[in-house]
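For reference, the chains in residue letters:
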Amino acid sequence: IGSAIQDLVPSTISIGAGQGTLDCSSTTTLNYDLQAWDLYLNLDEIDFVSQEDTLTLSIYGHLSSSSALVDLVGDCTIFEDLQEQCSLEIPTTPFSLAITIEMRLENGVFVVQAQDPNFTISAITNPLDGCLVSDSVDTILGQNPNLMSDIILDAVTPELETIPASIEGSLNSVIDDLTFSE
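Since we're looking at a predicted model, the values are computed, not measured. (Residues numbered from 1 in each chain as written. Predicted model: local features only at pLDDT ≥ 70, side-chain atom pairs only at ≥ 80, totals over all residues. Heavy atoms only, no water.)

1. Notes on the overall build of the protein chain
Item 1. Counting its secondary structure elements, the protein chain contains 4 helices and 11 strands.
Item 2. For the protein chain, the C-alpha radius of gyration of 21 Å lies well beyond 16 Å, the compact-globule estimate for 182 residues.
Item 3. For the protein chain, buried positions account for 34% of its 182 residues.
Item 4. Of the contacts made within the protein chain by residues no fewer than 6 positions apart, 63% connect residues no fewer than 24 positions apart.
Item 5. Of the roughly 10,200 Å² of accessible surface on the protein chain, 46% is carried by carbon and sulfur atoms. (Helix = DSSP H or I, 4+ residues; strand = E, 2+ residues; numbered from the N terminus. Rg over C-alpha atoms; globule rule 2.2 N^0.38 Å. Buried < 20%, exposed > 50% of the residue type's maximum accessible area, 1.4 Å probe, protein only. Contact = heavy atoms within 4.5 Å. Areas by Shrake-Rupley, 256 points an atom, 1.4 Å probe, with all protein chains shown as cover.)

Written out as structure tokens, the structure reads:
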């Protein structure tokens, strides 16, 4: 089952190029333009815990990323009129993914229903390098250590939302070949 689960969790998630604004303080904002990049998910351990009609699948691993360039323009805290290009790369960071799967026999039919995944990422350290703004990001992470993790969660969540349907489909196809009695 562990091998089948590994096939359901993508090893690479491509994140498209994007633009946005980062609030550095209450009075300064920094505009960014990020190139497309890849996020790599590596699975270290898969645990199953069964209880009554449920099976909880817990996946532990680490993520990292390819390197990408980001252009930064604007003001950020004490830095004014910035126009920089930085290198962005997510360092190796632990994550966990938990999915609860309900399985029950109803009127001779085995019913499988997977819940939405619960994905958590440890706080990601400063991913910027080669620019002055990197120091500001350290300051921002001091105020909000989960800022980078939250950004990654927003980018990864749409990919992970497909996992429950994949699990349901895989288990249903295996179960369809079996005969059960209550």
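2. Structural notes on the pairing of strand β4 (residues 37–51)
Item 1. Sheet topology places strand β1 (residues 12–15) next to β4; 4 bridges connect them, and they run antiparallel. Note that in β4 the partner of T12 across the bridge is Y40.
Item 2. By the bridge criterion, 12 bridges tie β4 to strand β5 (residues 54–65) in an arrangement that is antiparallel. Residue pairing across strands places F48 opposite L57, the latter belonging to β5.
Item 3. Joining the antiparallel neighbours β4 and β5 is a turn of 2 residues, in which E52 adopts a positive phi near 50°. (Pairing = 2+ DSSP bridges.)

Geometric values such as these leave the question of function open.
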